[in-house]
Structures are given as C-alpha cells and as structure tokens.
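Chain and residue survey
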Amino acid sequence: MLRTAVFFSLTAMLVLSGCSSTVRTYTDTLKLAFSQGEDAFLTRAELAERKADALYAKVGNKPIAVLGLAFLEHNQQKWISADEAMLVIEKGRVVKTTGFSNNLMFQSNRAQDPLKQAMVKINQGQQWTSHSDWSENNETGYQSNYEIIQVEVTSLELLEHSFQTKLVTEQVTFADGTTAINLFWYDLSSGYLLKTKQTIAPFWPELELTFISSAGRLLGIRNAGNRK
Amino acid sequence: MIYRFLLLFIVVSCSLTLQANPVVRVQFNDVFLDYAQQPRLSDLVAGVNTSANLYWPSASFYSLSSTEIHSLEQKKAKLLQRLTELHNYYAQHGDEGLAATTKKIVLELTPLQLAKKIVLPLDPDTVRIKTSLNPLIDAGQYLLVVAEKPATVALFGAVENSSTLLLNASEAADYLSDLKLLEGASASFLYVVPANADPFIAKVGLWNREFKAIPAGATLFVPLELRHLPSEFEDINQQILDLLVHKVVAP
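Residues numbered from 1 in each chain as written. Chains lettered and ligands numbered in written order. Predicted model: local features only at pLDDT ≥ 70, side-chain atom pairs only at ≥ 80, totals over all residues. Heavy atoms only, no water.

- Under an unreviewed UniProt entry, the name given to chain A is YjbF family lipoprotein, and the source organism is Rheinheimera tangshanensis.

So this is what it looks like as structure tokens:
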C-alpha cells in the first residue's frame, strides 16, 4: 500500500513554524469535570466584553460553569471549561465529550436527528435512532431511541428578559431500557436555541445548557457574529 | 517585475529545500505533510481533521523510521522461522490439523506490513486543549491512519475468517459464535489489539469469561492453545502479539 501510493506534498504546511454484564459496565459511575464552587454568571457588561461566546453548563447538581466557545468546525460547536473538559454540540445536541471519566466518543446516524432541521420543521412524532460509543470500557454501539413527544410555545426568562420560545420535548430510551426527557427551547423569532436540558446516557446526570451569548445577541448586548 | 520573479524564486527554492529535508514528514493517506520545524501533535492532527465523521478512537500513529522497521522485519523473519519449525514439529508428529493452523499463521504473517506504532491520544479535541497531551513530535517520518468508524474487526491467528462485523453493545465472548476457529485455537482467551491502546487479554471461556468490550478498529488475535504447544514454543503467542501490535492498519 505504502509503496504503490502516489505521494505529493502539502507545501502549504511548510509555513508552519512551530446483556447483563454489558449493562453493568455501561452504567458505571461517572466522575464529572467542572470544578466545584459556586454558580458562575456573567453580568451584561461581561457578556458584552467577552471575545468568545459563553455557555452556561450545569451538570447534575454541580454548580453552573461558564464554558467558552473554543472551536467552530464541521458544523459543531466545541465548548471548553476552565478545567479542560469539552462539550461538542451539533445543532443543540451534545454529540461528544472530552475531559470526563467516561466520555461520549461517537454518536452514529446524526444526519437523521430531527434537530438538524429548521426550528419550524421540528414536530411531535419525529423519531430517530442512534448508537453511541463510550471511552471508559471501550464500549461501542449502545442504542438510543429518540422521539419528540411534545411541541409547545412557552416563555423563557434569560438576562431579565422573557423570550417567547418553541419548547421541544423529546423522550430518549437508552440501551438499558431507562428513559429520560430532553428539552430544547428555541427563540420563536430567530430560531436560535437558547437553552436545553438533556441526558446523554443513563449514567450521566442531566446536562442543563444555556446559550447565554445567543440570548445576549438577540437583546443587542453582543454583536452579531458567528451563530448557531 | 524582477522583484516578483525574485520573490517567486525564493519561495519555490525554500519549498523545494523543505520538501527535500523536512524535519518531520507525516503520511496521511496519499498525502505528505511536511514540517520545517518540530510540530506539536495538535498541528499534525489538525492538518487531517477534515470531517466530523473521522473516528479518532481507532486512529493509529506509526514511526516510519527505517531502523525500527528493519528491526521489526528482523523479528518477523525470526518468528516466521520459529513458526515454520513449529509447523514441521506438528507435521512430524502427525498433527495435521495443528500443522495446517500453523501454516495459516505463517501465510498470514508473511505479508504483514509493520511499523513502530506510537500509542498516544490523537483526537484533536483532546490534544489541542491539554498541553500535557500535546507533545512536540521528534524529527522523523510518520504515518497517521484515521478514517470513519470501522464496521468490522480484523481477525488474526487460529481462525479461518480474516474479519468479522463489529458488534453493537457486546463483549469479546459474543464474537466467538461468528468465528470459525481452527484446530488448536484457544477456547479460553483472545488477545485484543486496539488501534490506539495497549493490547489486552479477553477471557472468553465458559469458566473464566469476563466482560471486555472490543473497541472499533481493533484486531482480535486467536492464539494457539497452550496445551498444544511444545515447551520450546510456549512463548509463540506472545511473540506473535508483540509483532501484531505494530501491524500497519489500512485506512
């Protein structure tokens, strides 16, 4: 293979100078990232001055942490915490993590996720199936079934403002038979996802994520920039 | 105008010089990534991180140092010699089934492409945010293999199949029903060689079974049962494993 390959150089790079047993392990406990302490919040002024977009992230009953948007690539947002954990979010869904004791390494079939659609097309009854891979025991292919069970209009308070939102309620059924409810709040006027509560595995506590920079942008606190 | 030509000449000359003598050269598929100075690991993986569908848990990184490849090839030659002796031993003792299994391993091992595998985290999302996981790469030539998530698991050793489908939510013992084991195959354990981690033993016997998942991109090595091995060949499975770790996996 090596010998027959046709090689060429990327000269651009030259400028660089510098079952039961199965279920048992699948439900192992999880050591969480994000430092202990008090809830973190940004003032309007801090939000306006930040270079990178901010995300409020609450993992289970841990304090709220502020994550910064580190990378935007492959239609994914990559948010990092001060303690070097990362949440990779694709159209509002956490599809990968790093820095935790048992990380979501891969989620299959993501193109079928109804959340990939424009907000107006996300409707009750839409379903999809995915398989996930986890780092701790090299476990691969754990099925999760998702179904949107309710869509409603509701208000959401952020930055002392009441946003009219489309609340999408999704039920997820995991490989071990347990279920969880995931919630997604979309700003009705812009379609921006403002907040979500989601459970990515039965052994993960609920993740509560607030896209505070998006809210700030809608209120004119932050300039329009990279989005979604 | 002459300045433009001069500038072009300088750029082309520098490029050719660096192409000829890069400090670090990394092959990825059919592409060479050349670095004039020692890059960080994050620089290498960022250079090939073209899609969210690349499955980094089964990525592999190899040194293409000719010294190391030569050393591995020498070990392979010695191992092939020993396996041939083992084959002859079985043949002389009328154990045709065991001789055939050994012959199969010889034929399987002979064309194996080897390079020194370097086990370290490769996922760009891991290495670029953690300084401790982002070392400077030593001068030399390397091979980086990463592709979409493999759908199959490679097989090696006392087994007829060369691959089998990667099973969802399963463990090593679940694979046995899909494998056509050859005579002399171990019924109690397998060796698992992950693409980017150290090898480990998976106990799959009825009496010793334990949960070990098979990572995507791994190679399952079905060893010879110890009781079938003459005492002077008791380490043959370990020797095969030591080489198998350095098998170059096709993307």
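**Examining the overall build of chain A**
- The number of helices and strands found in chain A is 3 helices and 13 strands.
- Only carbon and sulfur atoms are counted for the fraction: they give 49% of the accessible area of chain A, which is about 10,400 Å². (Helix = DSSP H or I, 4+ residues; strand = E, 2+ residues; numbered from the N terminus. Areas by Shrake-Rupley, 256 points an atom, 1.4 Å probe, with all protein chains shown as cover.)

**Looking at the nonpolar core**
- Core analysis: the biggest nonpolar cluster contains 49 residues, and L83, L109, F156, I214 and L220 of chain B have the highest contact counts within it.
- Counting residues per element, the ones that place at least two in this core are α3 (66–92), α4 (96–109), β6 (152–157), β8 (189–193), β9 (200–203), β10 (219–222) and α6 (236–244) of chain B.
- Excluding residues that lie within four positions of it along the chain, L109 of chain B makes contacts with K76, L79, L80, L83, F156 and L243 of chain B.
- A57, F100, L104 and L115 of chain A belong to the second largest nonpolar core, which has 32 residues in total. (Core = buried A, V, L, I, M, F, W, Y, C linked by side-chain atoms within 4.5 Å. Buried < 20%, exposed > 50% of the residue type's maximum accessible area, 1.4 Å probe, protein only. Contact = heavy atoms within 4.5 Å.)

**Let's talk about unusual backbone geometry**
All names here are of chain A.
- For K91, which is not glycine, the phi torsion reads 50° and is therefore positive.
- Along the chain, K91 falls in the loop between β5 (86–90) and β6 (93–98).
- In the Ramachandran plot, L159 falls in the positive-phi region, its phi being about 50° despite a non-glycine side chain.
- For L159, the location among the structural elements is in the loop between β9 (139–158) and β10 (161–173).

**A look at the packing of aromatic side chains**
- This structure, assessed with the given rule, holds 11 aromatic pairs over all chains.
- When the ring of F41 of chain A is compared with that of Y56 of chain A, the centres are 5.4 Å apart and the planes differ by 90°; the resulting orientation is edge-to-face. Highlighted residues: F41 of chain A in the loop between α1 (20–26) and α2 (44–49) and Y56 of chain A in strand β2 (residues 54–59), separated in sequence by 15 residues.
- A residue is classified by how much of its surface remains accessible, and F41 of chain A, at 51% relative accessible area, is exposed.
- Ring centres of W134 of chain A and F203 of chain A lie 4.8 Å apart, and the angle between their planes is 75°; this geometry places the pair in the edge-to-face category. Of this pair, W134 of chain A sits in strand β8 (residues 127–134) while F203 of chain A sits in the loop between β12 (193–198) and β13 (207–210), and the two are 69 residues apart along the sequence.
- Taking the relative accessible area as the measure of exposure, W134 of chain A reaches 1% and is therefore buried.
- Pairwise contacts between aromatic rings join F156, F189, Y191 and F221 of chain B into one cluster.
- Cation over ring: R128 of chain B sits above F71 of chain A, and NZ or CZ is 3.6 Å from the ring centre. (Phe/Tyr/Trp six-rings, centres within 6.5 Å; stacked < 30°, edge-to-face > 60°. Lys NZ or Arg CZ within 6 Å of the ring centre and 35° of its normal.)

**A closer look at α3 of chain B**
Residues and elements named next belong to chain B.
- The terminal C-alpha atoms of α3, which comprises 27 residues, lie 38 Å apart, in line with the 39 Å expected from a rise of 1.5 Å per residue.
- Every buried residue belonging to α3 is among L72, K76, L79, L80, R82, L83, L86 and Y90, and all of these are buried.
- On its buried side, α3 packs onto α4, β4 (116–117) and α6.
- G94 occupies a position one or two residues after α3 and carries a positive phi of about 75°. (Expected span 1.5 Å × (residues − 1).)

**A look at the packing of α3 of chain B against α4 of chain B**
Residues and elements named next belong to chain B.
- Where α3 meets α4, the axes come as close as 8 Å, and the angle between the chain directions of the two elements is 165°. Compared by their axis directions, α3 and α4 come out roughly antiparallel. Of the two possible hands of crossing, α3 and α4 adopt the one that is left-handed. From α3, K76, L79, L80, L83, T84, L86, H87, Y90 and A91 reach across to α4, where they touch L98, A99, T102, K103, I105, V106 and L109.
- Broken down by class, the residue content of the contact of α3 with α4 amounts to 11 nonpolar, 3 polar and 2 charged. (Axes fitted to C-alpha atoms, helices over the stretch in contact; angles between N-to-C directions. Parallel < 35°, antiparallel > 145°, perpendicular 65-115°, else oblique. Left-handed = near helix turned anticlockwise from the far one by under 90°. Nonpolar A, V, L, I, M, F, W, Y, C, P; charged D, E, K, R; others polar.)

**Some thoughts on the pairing of β6 of chain B**
All names here are of chain B.
- Across 3 bridges, the pairing between β6 and strand β7 (residues 163–165) is antiparallel. Bridge pairing in β7 links V153 to T164.
- The loop that links β6 with its antiparallel partner β7 comprises 5 residues. (Pairing = 2+ DSSP bridges.)

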